[in-house]
Amino acid sequence: MKFHEMTAHELSALMQQGQVSAEEITRDHIKHVEQVEPSVCSMVSKTESIALDRAKEIDQKRASGEVLSPLAGIPMGIKDNISTKGVRTTCSAKMLENYIPTYDAHVMEKLHEAGGVMLGKLNMDEFAMGSSTENSRFFTTKNPWDLSCVPGGSSGGPAACVSAGEVVFSLGSDTGGSIRQPASLCGLVGLKPTYGRVSRYGLIAFASSLDQIGPFTKDVEDAALVMETIAGYDRRDSTSADVAVPRYRDYLNQDIKGMRIGVPREYFAEGLEETTVSLVKQAIKKFEDLGAIVEEISMPYTAYALAVYYIIAPAECSSNLARFDGVRYGYRDETAEDIFSMYTKTRAEGFGHEVKKRIMLGTYALSSGYYDAYYKKAQQVRTLIKQDFDRAFETYDLLLTPTAIGPAFKFGEKSQDPLSMYLSDICTVTINLAGVPALSMPCGFVNGLPVGLQLVAAPFAEGTIFKAAHAYEQATEFHKKRPVLEV
Amino acid sequence: MTQYEAVIGLEVHVELKTKTKIFCSCSTEFGKAPNSHVCPVCLGLPGVLPVLNKKVVEFGIRTGLALHADINRRNKFDRKNYYYPDLSKNFQTSQFDQPICEHGALTIDLENGEKKVIGITRAHMEEDAGKLVHNGNTISVSSGSLVDYNRVGVPLLEIVSEPDMRSAEEAKAYVDELKKIIQYIDVSDCKMEEGSLRVDANVSVRPIGQIDFGTRTETKNMNSFKALQRAIDYEIARQIETIESGGTIVQETRTWDDERGMTLSMRSKEEAHDYRYFPEPDLAPIVISEEWIEEVRRQLPELPQSRRSRLVLEDGLSLYDATVITDTLAMADFYDRVRMGIDDAKSIANLLMGDLSKSLNELGSSVDESNIDPAHVIELIRLMYDGTISGKIAKQVIPEMLKTGDMPKKIVEEKGLVQMSDEGALEAIVLSVLQENPQSVEDYKNGKDKAVGFLVGQVMKATKGKANPGLVNKLLKEKLSLN
Ligand SMILES: [Zn+2]
């Protein structure tokens, strides 16, 4: 097997055995990036030289007998909305095209400590708004399984990059499905952790009460490894939780006999493709074979989730993105002659269509006279949605649903129809509103394109997800399949 | 002619004197080089998050307790959204519908000796904005502006009164008392000129007897107590004149132009911002425990109103004296400590308000910053009581005491300032003064009593001020009546 087809735990074992150095692994990946990146287009910035320096450092440390993290020397990629000190962080936006952060996000500090080797910053929908990465202001990223299809979004770059073997794992962010949906479309494991599990310090905010950083990996064990590294309390994020981080690898290779799994019927609503339904049903059967008790349940407030999401997320975004005004950093229209025209021109040109649409939606929802009818009502319904989950987790260890309504779609297929694009988030946004953790993993293929299932747990029960996901993964072969890229 | 009455409510912003800013660990120090007290958080760089400075909440609780307000056990921050370059995030993190304090009150002393209770609607925590320097008069006509973000994130407490005041004098008394309380509880310096105390005035007028309020205006930008009073008086007069001449008052924000002595329209109600308040998603709601409140309550000093009453009722001082003594916590505490050693409130008050304050002022110092302790003053008053020194000598001792920190007794001894009370010695001096000033003796005999004063002065001069004044008077009168 080639290095760029291997997982982090496999490569780590090879390095520990002295069979390969971090530098060799890094060079192999850089070479692979050169070959496939022109067709995949997942990277906004490449950081090969920094990566090689870091890889050499890791090799020296290992040679001197230091005990290293399993992620030491592992090539990784980072979504371009996570602040990296000294490395351009654009959010795939014209507004931040030349913005270089002066500080590292909390997750970057954690990954640097662990010895991760960053090969590049990854493409996304502008400011994480979108489901196909077609909203990047720079270029579109292709799905490695079929280059005429989207990789999903908004973390299309991080998904495509791992799927194509350019990096071993990546970090994305998930506000309404932006990790899980592209993971599903690219045949990867993607986890949105519990709200508060991973510090958001340094993540350029889209919707503060929904955003979480999480990993894209080739298998469940790698997801557990990355989570052990990036999860945990950070005093700089007041919404991060002071809850101990378990050793997630302890949940692997466990028996799931007697585990109770609920399947909410509302997640199999109209619009879901038949082929996806049938693959998810086969997965349910597999869980039952493994000894889980699977029952259909009802979560009645699911029906309101999209409406609630499309009020709360734009409202928070309208305020979070107000700072991009041309005054301190980022794009500024230099032709403006007064402060008002500087604001309006800068923002009219600096933001793309989708971002402006959401800012306007959110501004409207927060306006005086509309606040009670929209934002406040949405928050009240959000509480009811959370209660749906609280009730479900009184009885069930996990919930199982589809992740996306179907496999990857063609470029342009949905971008002309925003409502169908929004509707495609139906299975994922509810999870962000409830703040619970959820993981997407492959459960089959339709015409060669991967399809994912979603496992959802109670807050801070990521371990339970890993346990079930690993058991299912060990009983199936989907995670072993890699896309064939013609280079 | 219709008689009008003014209705005034005030919004007071005080800058809290925490060491660090409200949401980051930058220093709050005033007057440093532009943009030297900034970090990613207060600059609002992409991806940063606020962390609440607990001291700000403590100061909020302390202020609430001092203003007899309810402390909301659960309160929260909201975002107030508007665009301005001095705001690094284009929203101000503030408190909207759940402030830390509500329903307080403060008592002011009116000129006629009555007391009046002014209601306090609420007090809430928020962050300050930065400072713009335009190379033109305003941002819209300037060719360029510079921004200093040092003040961004300095914690503020906005204290909103009920519309309970009826004149500029009452408004001034309210701000005066509020300032005093805040200085007593040590949460702010309240320097109006430095901007650590800012007052906006809501003013309306109505015919006396009318229950409904008239339309109000909000006036900003008063930089001194004097400006506050002038602006309110101007606004009252302007509104009455407008109504009398058949016009109507427009609800608007106005700005005080100190040079021209008038208020000017800034923006109308229609142009007012829609701040689109919503709960700050980056901060958890603030939960305040009973224990915390009790702990803060225990540390509260006795407040000005209560001190004044005590000094009047128990010590027998006049309201004026009591007010002057309690003007600052330092002086009030100093008085109390001297009072423990001397059982004569009036003498203490006279000395503290008179010669001591005068000497302190000359040094530009205050009682808590000076070299002396209450023990100095106790000893000084005792020296006057036992006749060792006169009040006149005390005037010489005080500056020396402030300069060196030496005890009064030591100064008196070293400088030979002990009062001359030896009757025989003084008699000789008195006789020689009378001999040298026959004209004054003649004047006295012709009924000019003032001549005694002159002769006393001559004796004091001859003794370098050390003669016991009572004894000199007695001896002079004896000798003059013999003549
Ligand atoms: Zn700061």
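Counting of residues starts from 1 at the beginning of each chain's written sequence and follows it residue by residue. Labels are handed out in written order, letters beginning with A for the chains and numbers beginning with 1 for the ligands. Where local features are concerned, this predicted model is filtered to residues with pLDDT of at least 70; where side-chain atom pairs are given and counted, the filter is 80 or more; whole-chain, interface and lining totals use all residues. Side-chain numbers here rest on the full set of heavy atoms in the structure, without hydrogens or water.

Details of the overall build of chain A
A run of H or I in DSSP counts as a helix once it spans at least four residues, and a run of E counts as a strand once it spans at least two, with each numbered from the N terminus. Helix and strand content of chain A: 15 helices and eleven strands. Note on method: radius of gyration uses C-alpha positions; expected globular size equals 2.2 Å times residues raised to 0.38. On C-alpha atoms alone, chain A measures out to a radius of gyration of 21 Å, which is about the 23 Å that the 2.2 N^0.38 rule sets for 487 residues. Here the C-alpha coordinates of chain A stretch approximately 65 × 50 × 45 Å along the principal axes. Within chain A, the proportion of its 487 residues that are buried is 64%. For chain A, the proportion of contacts with a sequence separation of at least 24, taken over those separated by at least 6, is 76%. Of the roughly 17,000 Å² that chain A leaves accessible, carbon and sulfur atoms contribute 51%. As used throughout, the charge tally considers Lys and Arg to be positive and Asp and Glu to be negative, leaving His and the chain termini uncounted. Note on charges: their place is set at NZ of Lys, CZ of Arg, CG of Asp or CD of Glu. When the 50 positive and 61 negative side-chain charges of chain A are each reduced to one mean point, those points stand 2 Å apart. When accessible area is computed with a 1.4 Å probe and restricted to protein chains, residues below 20% of their type maximum are described as buried, those above 50% as exposed, and intermediate ones as partly exposed. By definition in these notes, contact holds between two residues if any of their heavy atoms fall within 4.5 Å. Working definition of accessibility: Shrake-Rupley area with a 1.4 Å probe, residue cover restricted to the visible protein chains.

A few points about the nonpolar core
Nonpolar side chains tend to gather and get buried jointly when the protein is soluble and globular. All names here are of chain A. Ranked by size, the top nonpolar core spans 87 residues in total, and within it Ile-82, Leu-111, Leu-171, Phe-287, Met-441, Leu-455 and Phe-466 carry the most contacts. In terms of residue count, the dominant contributor to this core is helix α7 (residues 220–230) (seven residues). In contact with Leu-455, other than residues within four places in its own chain, are Phe-287, Leu-398, Leu-399, Leu-400, Pro-437, Ala-438, Leu-439, Met-441, Ile-465, Ala-468 and Ala-469. To form a nonpolar core, buried Ala, Val, Leu, Ile, Met, Phe, Trp, Tyr and Cys residues must be joined to one another through side-chain atoms within 4.5 Å. Of all hydrophobic cores here, the second largest spans 69 residues; its members include Tyr-267, Ala-305, Ala-315 and Tyr-343.

Some details on the confidence of the model for chain B
Note that predicted coordinates carrying low pLDDT should not be read in detail. Summarising the model, chain B shows a mean pLDDT of 92, and 99% of its residues fall at 70 or more. Taken over the whole predicted complex, pTM reads 0.90, whereas the ipTM for its chain interfaces reads 0.95. Note: pLDDT gives the predictor's confidence per residue, expressed from 0 to 100.

Considerations on the coordination of the zinc ion
The coordination sphere of the zinc ion contains the protein donors B:Cys24 (SG), B:Cys26 (SG), B:Cys39 (SG) and B:Cys42 (SG), at a distance range of 2.3 to 2.4 Å. Angles of 100 to 114° at the metal separate the four donor atoms of the zinc ion, which places the site in the tetrahedral class. Sites may look incomplete because water is not among the atoms; the donors themselves are N, O and S atoms within 2.8 Å of the metal, or within 3.2 Å for Na, K and Ca. A four-donor site is classed as tetrahedral when every donor-metal-donor angle falls between 85 and 135 degrees; four donors are called square planar, and six octahedral, when trans pairs exceed 155 degrees and all remaining angles lie between 65 and 115, with any other arrangement labelled irregular.

Comments concerning helix α4 (residues 106–114) of chain A
All names here are of chain A. For α4, the set of buried residues is His-106, Val-107, Met-108, Leu-111 and Ala-114. Its buried side turned inward, α4 meets β2 (75–79), β3 (117–122), β4 (169–174), β6 (212–217) and α7. Downstream of α4 by a residue or two, Gly-115 has a phi angle that is positive, lying close to 95°.

Side note on the domain arrangement of chain B
For chain B, the assigned domains read domain 1 (4–293), domain 2 (302–414) and domain 3 (423–482). Residue ranges labeled as domains rest on an automatic or database domain assignment. Once you take the C-alpha centre of each, domain 2 of chain B and domain 3 of chain B turn out to be 32 Å apart.

With respect to the interface of chain A and chain B
The interface of chain A with chain B comprises 38 residues on the first partner and 32 residues on the second. Computed with a 1.4 Å rolling probe, the buried area is the accessible surface lost when two parts are put together, summed over both parts. Both faces combined, the contact of chain A with chain B buries some 2,800 Å², and carbon together with sulfur accounts for 56% of it. Definition used for salt bridges: Asp or Glu carboxyl oxygen within 4 Å of a side-chain nitrogen of Lys or Arg. Run the count over chain A and chain B and you get one salt bridge. When the shortest N-O distance is used, the salt bridge between A:Arg200 and B:Asp282 registers 3.0 Å. Under this definition, polar contacts are N or O atom pairs within 3.5 Å; protein pairs additionally need one hydrogen-donor-capable and one acceptor-capable atom, and for neighbouring residues in sequence, both atoms have to be side-chain atoms. If you look at where chain A meets chain B, you find 20 residue pairs in polar contact (both at pLDDT 80 or more). Elements supplying a minimum of two residues to the side of chain A that touches chain B: α9 (305–320), α10 (339–350) and α11 (353–366) of chain A. Classes in brief: Ala, Val, Leu, Ile, Met, Phe, Trp, Tyr, Cys and Pro nonpolar; Asp, Glu, Lys and Arg charged; the others, Gly included, polar. Across the side of chain A that touches chain B, the residue classes break down as 16 nonpolar, twelve polar and ten charged.

A short note on the pattern of salt bridges
On inspection of all chains with the given rule, the structure shows 63 salt bridges over all chains. Each of A:Arg200, A:Asp237, B:Arg79, B:Glu280 and B:Asp282 takes part in salt bridges that share partners, so that together they form one network.

Describing the pairing of β4(A)
Within a regular strand, the side chains alternate between the two sheet faces. Residue and element names in this part refer to chain A. Burial analysis of β4 places six of its six residues in the buried class, the great majority of the element. Burial of the side chains of β4 extends over both faces: Phe-169, Leu-171 and Ser-173 are buried on one face and Ser-170, Gly-172 and Asp-174 on the other. What makes two strands pair is DSSP finding at least two bridges between them. Both β2 and β4 contribute to a ladder of three bridges, which runs parallel. If you follow Ile-78 over to β4, its bridge partner there is Leu-171. Across five bridges, the pairing between β4 and β6 is antiparallel. Among the inter-strand pairings, Ser-173 is bridged to a residue of β6, identified as Ile-213.

Quick look at a nonpolar patch on the surface
All names here are of chain A. Without a salt bridge and with relative accessible area above 30%, a residue can belong to a patch; like charges are then joined within 9 Å and nonpolar side chains (Val, Leu, Ile, Met, Phe, Trp, Tyr) within 5 Å. Residues Tyr-364, Tyr-370 and Tyr-374 make up a contiguous nonpolar surface patch of about 290 Å² in total accessible area. Residue position: Tyr-364 is located in helix α11. Looking at Tyr-364, the relative accessible area reads 42%, which means it is partly exposed.

Side note on the packing of helix α8 (residues 345–363) of chain B against helix α9 (residues 374–385) of chain B
Two numbers describe a pair of packed helices, the interaxial angle and the distance between the axes. Residue and element names in this part refer to chain B. Put simply, α8 and α9 touch, their axes get as near as 11 Å, and they point 110° apart. The orientation of α8 relative to α9 falls into the category roughly perpendicular. In this structure, α8 contributes Ser-347, Ile-348, Leu-351, Leu-352 and Leu-356 to the contact, and α9 contributes Val-377, Leu-380, Ile-381, Met-384 and Tyr-385. Considered class by class, the residues forming the contact of α8 with α9 number nine nonpolar, one polar and no charged. Interaxial angles span 0 to 180 degrees and are taken between N-to-C directions of axes, which are lines fitted to C-alpha atoms, for helices over the stretch in contact. Roughly parallel here means an angle under 35 degrees, roughly antiparallel means over 145, roughly perpendicular means 65 to 115, and every remaining angle is called oblique.

Section: the sheet that holds strand β5 (residues 91–94) of chain B
Pairing within the open sheet is antiparallel, and its three strands lie in the order β5-β4-β15 (chain B). Each edge of the open sheet carries a strand with a single partner, namely β5 and β15 (278–279) of chain B. Sheet topology places strand β4 (residues 78–81) of chain B next to β5(B); four bridges connect them, and they run antiparallel. Note on β5(B): the bridge partner recorded for B:Arg79 is B:Thr93. Each of β4, β5 and β15 of chain B touches α9(A); the most contacted strand, β4(B), lies at about 60° to it.

Comments concerning the packing of aromatic side chains
All names here are of chain A. Centre distance within 6.5 Å is the pairing criterion for rings of Phe, Tyr and Trp, where only the six-membered ring of Trp is used; planes under 30 degrees apart are then read as stacked, over 60 as edge-to-face, and the remainder as tilted. A full pass over the atoms with the stated rule returns 24 aromatic pairs over all chains. Ring plane angle 45° and centroid distance 5.6 Å describe the contact between Tyr-99 and Tyr-329, whose orientation is recorded as tilted. One end of the pair, Tyr-99, is in the loop between β2 and α4; the other, Tyr-329, is in the loop between α9 and α10, and 230 residues separate them in sequence. Judged on exposure class, the residue Tyr-99 and its partner Tyr-329 are both buried. Note on Tyr-248 and Phe-466: the rings are 5.3 Å apart at their centroids and 65° apart in plane angle, and the pair reads as edge-to-face. Of this pair, Tyr-248 sits in the loop between α7 and β7 (260–264) while Phe-466 sits in helix α15 (residues 462–474), and the two are 218 residues apart along the sequence. Comparing Tyr-248 with Phe-466, the two get one shared label, buried.

Concerning the sheet that holds strand β11 (residues 449–456) of chain A
All names here are of chain A. The eleven strands lie next to each other as β1-β3-β2-β4-β6-β5-β10-β11-β9-β7-β8, forming an open sheet whose pairing is mixed. Each edge of the sheet is formed by a strand with only one pairing partner; in this case those strands are β1 (43–46) and β8 (293–297). For this sheet, the mean angle separating the axes of adjacent strands, direction not counted, is 30°. In the sheet, strand β10 (residues 438–446) pairs with β11 via eight bridges, with the strands oriented antiparallel.

Concerning the pairing of β2(A)
Here β2(A) lies mainly inside the structure; five of its five residues are buried. Side chains of β2(A) alternate between two faces, with A:Pro75, A:Gly77 and A:Lys79 and A:Met76 and A:Ile78 buried alike.

A short note on the side chain of B:Ser390
Position of B:Ser390 among the secondary structure elements: in the loop between α9 and α10 (391–404). Filtering out sequence-adjacent residues up to four positions away, B:Ser390 remains in contact with B:Met384, B:Gln419, B:Gly465 and B:Pro469.

Here's the deal with the side chain of B:Glu252
All names here are of chain B. Position of Glu-252 among the secondary structure elements: in strand β13 (residues 252–257). On the accessibility criterion, Glu-252 (11% relative accessible area) is buried. Side chain to side chain, Glu-252 and Ser-265 meet in a polar contact 2.8 Å long. When residues no more than four places from it in sequence are discounted, the contact partners of Glu-252 are Arg-216, Thr-217, Glu-218, Arg-238, Ser-265, Arg-267, Ser-268 and Lys-269.

Quick word on unusual backbone geometry
Look at the link from A:Gly153 to A:Ser154: it is a cis peptide, with omega at 5°. Along the chain, A:Ser154 falls in the loop between β3 and α5 (156–163). The backbone of B:Asp186 shows a phi angle near 60°, a positive value even though the residue is not glycine. In this structure, B:Asp186 sits in the loop between α2 (168–184) and β11 (197–207). Judged by its relative accessible area of 40%, B:Asp186 falls in the partly exposed class. Backbone geometry at B:Arg276 places phi at a positive 45°, although glycine is not the residue there.

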